[in-house]
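Here's the letter readout for the chains.
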Amino acid sequence: MELENRSDIIARLQSDILRLQHFCSTQSPALDVDLGPMKECFPNGSFPVGAIHEFLSGRIEDTSATTGFLAGLLATLMGVQGTVLWISAARTLFPPALKAFDIVPERFLFLDLKNQKEVLWAMDEALKCSALTAVIGEVRDMTFTESRRLQLAVEDSQVTGLILRHNIQKVTTTASVSRWRITSLPSDVIDEDLPGIGLPKWKVELLRMRNGKAGTWHMKWKEGRFMPVLSGQRSHIPEQKKAG
């Protein structure tokens, strides 16, 4: 009985800490299901909405992989009525590609600005609008103060903020609740007689999760959701043509 009471007390304290830190359980249980094994690293096993999440990419191909992963995440988070605002000074997303993740591009609003300073200001204002499901901002560098301002904005509105940091010069400390790195993997073969690009596949690295833990997975997008890549599963690797 004493052990049970102690366990109950610890669980209650953990719940109180999450509440004080403004962690909100996801509003879409389907999202946690779709995230598969990744959810085990989240607080209470649930992806934190109403928080700022940071995604790092150092190369152009990594940025493409990251935007694909974000599209898969948003496909479930948006549901049937959600709206997303994408803010950037040099947009890397090709809107028609969203259809590959069952997202209607018309449900995205795009705000193209002149520089990073304007992007961060617009994000701060947009994250206060509870009518939005999520706000995505493309920036390179971000100070702790700037990230803290964004985190404070979402704690009231419960809008999810996703920051795509590409071409970063130095990884600095921020107030984001999580930090990710997404890189592409060779895609699966769709048909032996049909050469070409297969289904998206990524190496997903959760570098940091507040009140959670880090982790690394190989994931793919199939049948409208994330699926883990099984050990020994064949990937699509283009054959090299022989000279002559």
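Residues numbered from 1 in each chain as written. Predicted model: local features only at pLDDT ≥ 70, side-chain atom pairs only at ≥ 80, totals over all residues. Heavy atoms only, no water.

Visitor: An account of the overall build of the chain is needed here, citing residue identities and associated values.
Guide: A count of helices and strands for the chain gives five helices and nine strands. Helices and strands appear in the chain in the N-to-C order α-α-β-α-β-β-α-β-α-β-β-β-β-β. Expressed as a percentage of its 244 residues, the buried residues of the chain come to 46%. Partitioning the contacts of the chain with sequence separation of at least 6, the portion at a separation of at least 24 is 71%. (Helix = DSSP H or I, 4+ residues; strand = E, 2+ residues; numbered from the N terminus. Buried < 20%, exposed > 50% of the residue type's maximum accessible area, 1.4 Å probe, protein only. Contact = heavy atoms within 4.5 Å.)

Visitor: Explain the packing of helix H4 (residues 116-126) against helix H5 (residues 144-157) residue by residue, including any values.
Guide: Following both chains from N to C, one finds H4 and H5 inclined at 20°, their axes separated by 8 Å at the closest point. Between H4 and H5, the crossing angle belongs to the class labelled roughly parallel. The hand of the H4/H5 crossing is left-handed. On H5, the residues that touch Leu120, Met123 and Asp124 of H4 are Glu146, Arg149, Leu150 and Ala153. For the contact of H4 with H5, the per-class residue count stands at four nonpolar, no polar and three charged. (Axes fitted to C-alpha atoms, helices over the stretch in contact; angles between N-to-C directions. Parallel < 35°, antiparallel > 145°, perpendicular 65-115°, else oblique. Left-handed = near helix turned anticlockwise from the far one by under 90°. Nonpolar A, V, L, I, M, F, W, Y, C, P; charged D, E, K, R; others polar.)

Visitor: So what's going on with unusual backbone geometry? Residues and values would help.
Guide: Phi at Gln158 takes a positive value of approximately 65°, unusual for a residue other than glycine. Within the fold, Gln158 resides in the loop between H5 and strand S5 (160-166). Located in the positive-phi region is Glu223, a residue other than glycine, with phi close to 55°. For Glu223, the location among the structural elements is in the loop between strand S8 (215-222) and strand S9 (225-228).

Visitor: Quick rundown of the side chain of Thr183? Include the residues and the values.
Guide: Along the polypeptide, Thr183 turns up in strand S6 (residues 178-184). For Thr183, a relative accessible area of 14% translates into the label buried. Non-local contacts of Thr183, meaning those with residues more than four positions away in its chain, are made with Asp62, Ala65, Lys201, Trp202 and Lys203.

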